[in-house]
Amino acid sequence: MTERNCQTEFRNAVWRVIRDFCLTGEYEHLREEFSRSGKLAGHIDELHLRVREMRANLDGAPVPEEHAGDSQAENSRSGASPRVPSEDDPIRTERVQRRKKADLETDRSSSHVADANESGSEPAGAADQKERKATIQEAGKGIEAASAGIASDGDGRDSSKDESAPIAVGMEGKGQEPTHRVRNESQEEGASGAEDKLTIPGQTRRTGDVANQSLSDRDVDEAKHAAAGLIGQRTGPPDHAADASRKGRAVAVSGKSGKSDPSPTSGDATKRSEPGQPEEQGEPATGERGAAHRRAGAPAVVEKGQAVVKPTAAAVVRKSIRLSNSTVGKDYEAKIPEEVMPARDLLECRVAGLEDTGLEFDVTSRSLRGKPLKAGEFAFVLKFRQSTQIDPKRFIERELLLTVNADPRSLWKNLPSDSNELYWKPDSHSDALCKDRRLIAASQRGRSHANVGSCRDDDFQIRYVEEGRWYLVAVADGAGYAKYSRKGSEIACRVVLNTVMTQIDSLFNDELAATLAALRRAEDSSGRKKVGDALYTLLGGAAHAAMKAIQEESKTQAAAIKDYATTLLVVVAKKYDFGWFIGAFWVGDGGIGIYRKGKSVRLLGVPDGGEFAGQTRFLTMPEIWEAKELFRRLRFEIVDDFTAVVLMTDGVSDPKFGPESELMNLEKWDRLWTEVGEAAGLSDGSEGRSQDLLRWLDFWAPGEHDDRTIAILC
Amino acid sequence: MRRLPVYFLLDTSGSMKGEPIESVKVGLQTMIAGLRQDPFALESVHLCLITFDKEAKVLTPLTSVEVFQIPEITPPDSGPTHLGAALEVLCQRVDGDVRRGSGEIKGDWKPLLFIMTDGSPSDLRKYRDNIPEVKKRGFGEIVACAAGMKAKEEHLRELANIVVCLDTMDGPTFMKFFKWVSASISMGNMSMGASSQVMLPPPPPEVRPVTT
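Fair warning: this is a prediction, and the values are worked out from it, not measured in the lab.

K.L.:
Can you help me understand the overall build of chain A in this one?
P.N.:
Helix and strand content of chain A: 23 helices and 22 strands. With 714 residues in all, chain A has 62% of them scored as buried. Expressed as a percentage of contacts within chain A between residues at least 6 apart in sequence, the contacts between residues at least 24 apart total 75%. On chain A, roughly 27,200 Å² of surface is accessible, and the fraction owed to carbon and sulfur atoms is 48%.

K.L.:
How should I be thinking about the overall build of chain B in this particular structure?
P.N.:
Counting its secondary structure elements, chain B contains six helices and seven strands. In sequence order, chain B lays out its α and β elements as β-α-α-β-β-α-β-α-β-α-β-α-β. Looking at chain B as a whole, 67% of its 212 residues qualify as buried. Of the contacts formed within chain B by residues at least 6 apart in sequence, a portion of 73% connects residues at least 24 apart. A total of about 6,800 Å² of accessible surface is found on chain B, and carbon and sulfur atoms cover 53% of it.

K.L.:
Sorry, what's going on with the packing of helix α17 (residues 485–507) of chain A against helix α19 (residues 527–556) of chain A here?
P.N.:
The description of two helices packed together rests on the angle between their axes and the distance between the axes. Residue and element names in this part refer to chain A. The contact between α17 and α19 brings their axes to 8 Å, and the two run at 145°. As for the relative orientation of α17 and α19, their crossing is right-handed in sense. Of α19, the residues touching α17 (which contributes Lys487, Gly488, Ile491, Ala492, Val495, Val496, Thr499, Val500, Gln503, Ile504 and Leu507) are Ala534, Thr537, Leu538, Leu539, Ala542, Ala543, Ala545, Ala546, Ala549, Ile550 and Glu553. Taken together, the residues of the contact of α17 with α19 sort by class into 16 nonpolar, four polar and two charged.

K.L.:
Explanation requested: the sheet that holds strand β18 (residues 591–596) of chain A in the structure shown.
P.N.:
Pairing between sheet strands relies on hydrogen bonds along the backbone, with the strands arranged either parallel or antiparallel. Residues and elements named next belong to chain A. Taken together, the six strands give an open sheet; going across it, the order is β12-β13-β22-β21-β18-β19, and neighbouring strands pair in antiparallel fashion. Either end of the sheet is taken by a strand with one partner, and the two such strands are β12 (428–434) and β19 (600–603). Going across the sheet, the axis of each strand differs from the next one's by a mean of 15°, ignoring polarity. Where β18 meets strand β21 (residues 644–648), five bridges bridge the pair, whose relative direction is antiparallel. By the bridge assignment, Tyr595 is partnered in β21 with Ala644. The strands touched by helix α21 (residues 650–657) within the sheet are β21 and β22 (708–713), with β22 carrying the most contacts at an inclination of about 90°. Packed on one face of the sheet, helix α22 (residues 666–680) meets β13 (438–444), β18, β19, β21 and β22 and runs near 85° to β18.

K.L.:
Quick question: what am I supposed to make of the pattern of salt bridges here?
P.N.:
Side chains carrying opposite charge are able to pair once their charged atoms draw close together. Residue and element names in this part refer to chain A. This structure, assessed with the given rule, holds 47 salt bridges over all chains. We note a salt bridge from Lys487 to Glu490, for which the minimum N-O separation is 3.1 Å. Placement of both Lys487 and Glu490 in helix α17 is noted, with a separation of three residues, approximately one turn of the helix. By relative accessible area, which is 19% here, Lys487 ends up buried. The salt bridge partner of Asp692 is Arg689, with a shortest N-O separation of 2.3 Å. Relative accessible area serves as the criterion here: at 18%, Asp692 is assigned to the buried category. Overall, the relative accessible area of 38% leaves Arg689 in the partly exposed class.

K.L.:
Quick question: what am I supposed to make of the packing of helix α3 (residues 83–97) of chain B against helix α4 (residues 124–136) of chain B here?
P.N.:
Residues and elements named next belong to chain B. Their axes nearest at 8 Å, the elements α3 and α4 cross at an angle of 25°. Comparing their axes, α4 and α3 come out roughly parallel. Considering the relative orientation of α3 and α4, their crossing is left-handed. Between α3 and α4, the residues in contact are Leu83, Gly84, Ala85, Leu87, Glu88, Leu90 and Cys91 and Lys126, Tyr127, Asn130, Ile131, Glu133 and Val134, respectively. Looking at side-chain class alone, the contact of α3 with α4 contains eight nonpolar, two polar and three charged residues.

K.L.:
When you look at the environment of Thr364 of chain A in this model, what are you seeing that I'm missing?
P.N.:
Note that Thr364 of chain A resides in the loop between β8 (359–362) and β9 (367–370). Placed 21 residues apart in sequence, Thr364 of chain A and Ala343 of chain A show a C-alpha to C-alpha distance of 9.8 Å.

K.L.:
Explain the nonpolar core here, please?
P.N.:
Buried together is how nonpolar side chains tend to be arranged in soluble globular proteins. Grouped together as the largest cluster of nonpolar side chains are 66 residues, with contacts concentrated most on Leu47, Met116 and Phe177 of chain B. Setting aside chain neighbours within four positions, we find Phe177 of chain B in contact with Met116, Cys145, Val164, Leu166 and Val207 of chain B. Counting 50 residues, the second-largest nonpolar core is a separate cluster that includes Leu569, Phe642, Leu682 and Cys714 of chain A.

K.L.:
In this structure, what is going on with the side chain of Thr327 of chain A? I would like to understand it.
P.N.:
In this fold, Thr327 of chain A is placed in strand β5 (residues 326–327). Of the residues examined, Thr327 of chain A reaches a relative accessible area of 5% and is grouped as buried. Those residues in contact with Thr327 of chain A that sit more than four places away from it in its chain are Pro372, Val404, Asn405, Ala406 and Asp407 of chain A together with Glu66 of chain B.

K.L.:
It is not clear to me how the sheet that holds strand β15 (residues 470–477) of chain A should be interpreted in this structure. Could you clarify?
P.N.:
Residues and elements named next belong to chain A. Across the sheet, which stays open at both edges, the five strands sit in the order β14-β15-β16-β17-β20 with antiparallel pairing between neighbours. The sheet terminates laterally at β14 (458–465) and β20 (634–639), the two strands that pair on one side only. In this sheet, neighbouring strand axes are inclined to one another by 10° on average, regardless of whether the strands run parallel or antiparallel. Direction of pairing for strand β17 (residues 579–587) relative to β20: antiparallel, over a ladder of six bridges. Bridging across to β20, Ala584 finds its partner in Arg635. In this fold α17 packs onto β14, β15 and β16 (568–576), with an angle of close to 15° to the strand it touches most, β14.

K.L.:
Please explain the packing of aromatic side chains as it appears in this structure.
P.N.:
Aromatic ring pairs are reported here in terms of the distance separating the ring centres and the angle at which the planes meet. Residues and elements named next belong to chain A. Counted by the stated rule, this structure contains 25 aromatic pairs over all chains. Between Trp470 and Phe581 the ring centres are 6.0 Å apart and the planes differ by 90°, which places this aromatic pair in the edge-to-face class. Of the two residues, Trp470 sits in strand β15 while Phe581 sits in strand β17, which places them 111 residues apart along the sequence. Grouping residues by exposure puts Trp470 and Phe581 together as buried. Ring centres of Tyr471 and Trp580 lie 5.9 Å apart, and the angle between their planes is 45°; on these two criteria the pair is classed as tilted. In this pair, Tyr471 sits in strand β15 while Trp580 sits in strand β17, placing the two residues 109 residues apart along the sequence. Pair check on accessibility: Tyr471 and Trp580 agree, each one buried. Within the aromatic cluster, the residues linked to one another by ring pairs are Trp470, Phe508, Tyr576, Phe578, Phe581 and Phe636. Between Arg385 and the ring centre of Phe395, over which it is positioned, the NZ or CZ distance is 5.4 Å.

K.L.:
So what exactly am I meant to see when it comes to the pairing of β12 of chain A here?
P.N.:
Moving residue by residue along a regular strand, the side chains alternate between the two faces of the sheet. In terms of strand pairing, β12 of chain A meets β13 of chain A through seven bridges, oriented antiparallel. Bridge assignment links Cys434 of chain A to a residue of β13 of chain A, and that residue is Arg438 of chain A.

Reading guide: rules and limits
Residues numbered from 1 in each chain as written. Chains lettered and ligands numbered in written order. Predicted model: local features only at pLDDT ≥ 70, side-chain atom pairs only at ≥ 80, totals over all residues. Heavy atoms only, no water. Helix = DSSP H or I, 4+ residues; strand = E, 2+ residues; numbered from the N terminus. Buried < 20%, exposed > 50% of the residue type's maximum accessible area, 1.4 Å probe, protein only. Contact = heavy atoms within 4.5 Å. Areas by Shrake-Rupley, 256 points an atom, 1.4 Å probe, with all protein chains shown as cover. Axes fitted to C-alpha atoms, helices over the stretch in contact; angles between N-to-C directions. Left-handed = near helix turned anticlockwise from the far one by under 90°. Nonpolar A, V, L, I, M, F, W, Y, C, P; charged D, E, K, R; others polar. Pairing = 2+ DSSP bridges. Salt bridge = Lys/Arg side-chain N within 4 Å of Asp/Glu carboxyl O. Parallel < 35°, antiparallel > 145°, perpendicular 65-115°, else oblique. Core = buried A, V, L, I, M, F, W, Y, C linked by side-chain atoms within 4.5 Å. Phe/Tyr/Trp six-rings, centres within 6.5 Å; stacked < 30°, edge-to-face > 60°. Lys NZ or Arg CZ within 6 Å of the ring centre and 35° of its normal.

Shown next as structure tokens:
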């Protein structure tokens, strides 16, 4: 055999070994093949041992986190060789392998191995597919484990510091990571030349091995490229994302993560390993979780030309570091973890691919900062050099993965509701009437409804009774879960005020007016009962009529009354010569308050809050119709004057007041009044602009996107 | 600000090792990506990931979708499926995490619970003991997923209002499941109400509801 032939054969053999290792884990037979060349037999044994070590090594660390802080991992970082079992431990290795097989056999999901990418594979029976597939994953681990022990840019000591920690940072990817890593590194390695020394876990190689001497550096590089290509081909086609990131450009994997749906088309490991979704796959590998210490190999120096192992070094490539998530338009800062890029001995560092992202890399603080401009998954390339490197001119590269959340505001859609739908109502509504005092109201569909094009559930009615000069207001909030609640709220407001209008003048007659006057002068508190009874008849009766009307309506649709569930807030107000009489009925959440600017607020009831959000009482619930319960929901006040009487649904009261106890907070009322007054022109005594009030209702409050309705007597 | 706490109990026993867990991770990733596209979810959904194998542990405490990152999930080679222990951990977390409304505090939305297992509880007694405890926690909905042929749905029915089956444990099926979960969470957001059940969207064909 000529030397040239020997080289070629050796190179081919190396490829086969790597391929087989990656695909099947069966390499025993290769020894036979190699033994035909006496010169190479020793090497294949060597390689075999390496491979077994890797596997044993891997198996010794099934739960990487457990090793995160242990002394072994620490040792490994300082260059010792911790978890490499002794080479003559075949029993352990065998056991490990057998266990793996057993695991695989219980793996019921394996029936979904697809052969789409297997064109270059060894012929193998269907039964082998399971194992091959899993072995690809194992191989990925193996390559990484091997790479952990191979420093490609420094001597043993420094490289272990440089490489072992960050390697583990991106260790997550199992079967898929090696794909683009291999490809990346093959280029990287090619650029850096063959002067790099290689390290192998657990052993120092002597110089003078036959094959080493016979191989030129060029051959070694070729072998690497070929091997890299082979693995790449096996695990998935090259991907523009991987390619682009290799060139040092940032790659927005998708502008919208919804479109970056990583759904594998067939779900097998091979397919999933396509590098199209490097972010998705490498996701959890954050430095902060101590991942940096995982599976750090133990390098020792090996002379150059260890071609047998060197191709696996190609798997080192760019380790990924996942940064904490950011949000469009929000200030962001993420420091590159010290274990990824130690500040000591740092000569230069930069991040490529930040153009048009709104982010920049601050060298002094070694952090990425700024306000992201665009949502999506991003990959940047961190490049740095350290004085301790063998070749300090060469950049070490790391991939920085970043998720940028969209600004929630930009995600809300405003889809019109379908006007053909049963019980449709306009998405917004406003109304105003101006008598001695102004009555102004607006109701706006919430973003949660607008986003899906469903109807507004809130409703309101405002009336003025000329004869008795009564101001009447009703506000209702249909339950979000009830399918016809938009009709429930509409009926409730309409019927309750219709009923009130027919009765109010007869109930609040001159006699009752005298009682109120006496109450006002605080001469006769027994009059309270009389007023309460009148209110019970008026408002309790009207609310009951509303409930009955809803019940009747539900029958027309063969629906349950709870499908029309709604809250109801009602106010009747009249100015007597002794002051304002204001009576109220309140079931559900939201709020009714009599507000005197800068002075006081009096609530006309208690909101029905529940243990969890959205829980409240509804007009349609039977339990509120007990006399005692109904009485509890009726309130009245006699006051000299007020700035405003305000009724609002929880879509307004929640964002503006927060917890129920805050409804008494005068400062918050002052703030609300300032906002509303300015927006709707109420402060200056003019007529008031209900359209502007409606626009004001569109205010932004995170997480508060319910329908909003407010009615103001002022 | 109202949060929607969503709890995930994930079986990480030995049988999940390999492709199933990798598929689950990809599925979770898709689910998160989906939730990030839903403005309501992005603002309100908080996720807690609890795994159970021979022990139950909180892999990710209750975290908003905005900052959530899929953690490392590594099933052991073999061992029991301690779903009962997981329920115990779950109750502790819910007690500590979920804000119940009072006059002073704004309550969270009713929490949601999703359970995925490919086997049956090894600690059946503890499992049964903890079922009433879980039910006391006021979950808006409890959905259990029996993944693969070995999963025992009858035990899950004792706990969950909705039990679905995945006949296979491959990537696409898990993907469908998690998309459905994502849609369910979004819809849960919308339909939360007082005395009513949360309304979930109909599951895709791969996710077969178990009829009781």
